[in-house]
Amino acid sequence: MKRSLRGCEAAGEILGAMMAADGSGAPTCKRRSPDASARAPRANRVAGVVLAGGRSSRMGGVDKAFLQAEGRVLIPETLDLLRNCFPEVVVVANRPDKFRSLGVTVTGDEFPGCGPLAGIHAAMGVVATPYVFVLACDMPFVQRATIEFLVQRLDSQDALIPRWDGDIEPLHGIYATRLRPRIEEALRAGVTAIRAFLPEIDADFVGEAQMRAVPGAERSFLNINTPEDAARFDLRL
């Protein structure tokens, strides 16, 4: 998939806009106790899922889930944001022990080595909600506005996938948990790519123009895939 880093002309300004007001230099995320009354009603039908089971080959094997800004690990900030958006939050990881201290449900793939589609399948097996919002761990600047925009479009689709930078972002999308048997069938048949699975379901693709109208969308879709990407945003591994 095309990555949105190339479309960002002012990386320093984008990161600067996310710095804490107290000058700590860390991307901001207001810590607060989850409040169901503050969520959009449809959000209570959705669980937040972070996929952190990749091999990070382009990062030299370093775990992208634990990127740091000014000494602060970003994954707890992402989890806090998701907790404030959804009633359940799950991390899918190939090293669950690394996430236990974060106070979140952690599960592993039932089909190891089969990529993000297997991660989605695993998450669907442990949540109680009819939908999951799936986020890749290499998208540390996810914004609440983009999440809420997608949730508000949720009706009865099998999946809700945003378009961005001339491509699609399936790891910033919403999936119906009723798809789990079909995903398992696909995995057993050797289909491991999400892109190969999407044509088989009722997927609603949200237009790029609509997404660009959402405040913070450009930050939300930034991917950190390589050490060069991390350095560009002053992140540490």
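In this convention, every chain numbers its residues from 1, walking through the sequence in written order. Only residues with pLDDT of 70 or above have their local features reported here, since the model is predicted, and side-chain atom pairs are shown and tallied only from 80 upward, although totals for entire chains, interfaces and linings are computed over all residues. Processing note: side-chain calculations cover all non-hydrogen atoms of the structure and skip hydrogens and water entirely.

Caption draft 1: Looking closely at the overall build of the protein chain. Each helix and strand in the protein chain was counted, giving 9 helices and 10 strands. Of the contacts made within the protein chain by residues no fewer than 6 positions apart, 75% connect residues no fewer than 24 positions apart. Computed with a 1.4 Å probe, the accessible areas rest on the Shrake-Rupley method; for each residue, only the protein chains presented here act as cover. When the accessible surface of the protein chain is split by element, carbon and sulfur atoms take 48% of a total near 10,500 Å². For helices the rule is a DSSP run of H or I covering at least 4 residues; for strands it is a run of E covering at least 2, with both sets numbered from the N terminus onward. The contact criterion used throughout is that any non-hydrogen atoms of two residues lie within 4.5 Å.

Caption draft 2: Seen up close, the pattern of salt bridges. Note on definitions: salt bridges are taken to be side-chain nitrogens of Lys or Arg within 4 Å of carboxyl oxygens of Asp or Glu. Going through the model one piece at a time under the given rule, you end up with 9 salt bridges. One salt bridge in this structure joins Glu 184 and Arg 188, with 3.0 Å as the shortest N-O distance. With Glu 184 and Arg 188 both in helix 5 (residues 180-188), this residue pair falls 4 residues apart, about one helical turn. The class of Arg 188 is exposed, set by a relative accessible area of 63%. Throughout this description, buried means an accessible area under 20% of the type-specific maximum (1.4 Å probe, protein chains only), exposed means over 50%, and partly exposed covers the range between.

Caption draft 3: View of the side chain of Ser 220. Mapping Ser 220 onto the fold places it in helix 8 (residues 217-220). Any pair of N or O atoms that falls within 3.5 Å is considered a polar contact. Within protein, one atom must be able to donate a hydrogen and the other to accept it, and sequence-neighbouring residues count only if both atoms are side-chain atoms. A distance of 2.7 Å separates the side chain of Ser 220 from the side chain of Thr 146, its partner in a polar contact.

Caption draft 4: Examining the pairing of strand 9 (residues 172-176) more closely. For strand 9, the tally of buried residues reaches 5 of 5 residues, placing the bulk of the element in the interior. Neither face of strand 9 is open: one carries His 172, Ile 174 and Ala 176, the other Gly 173 and Tyr 175, and all of them are buried. Any two strands with at least two DSSP bridges between them are considered paired. In terms of strand pairing, strand 6 (residues 131-136) meets strand 9 through 5 bridges, oriented antiparallel. Residue pairing in the sheet places Tyr 131 in a bridge with Ala 176 of strand 9. Sheet topology note: the strand 7 (residues 159-164)/strand 9 ladder contains 2 bridges and is antiparallel. Bridging from a neighbouring strand, Leu 160 pairs with Ile 174 of strand 9.

Caption draft 5: Structural context of helix 2 (residues 75-85). Judged by how many residues are buried, helix 2 sits mostly within the fold: 11 of 11 residues are covered. Tucked into the core, helix 2 has its buried residues touching strand 1 (46-52), strand 3 (72-73), strand 4 (88-93), strand 6 and helix 4 (144-152).

Caption draft 6: A look at the pairing of strand 6. Counted residue by residue, strand 6 has 6 buried out of 6 residues, so it is predominantly covered. Here strand 6 shows two buried faces, one formed by Tyr 131, Phe 133 and Leu 135 and the other by Val 132, Val 134 and Ala 136. Pairing analysis gives 6 bridges linking strand 1 to strand 6, with the strands arranged parallel. Bridging across to strand 6, Val 50 finds its partner in Leu 135.

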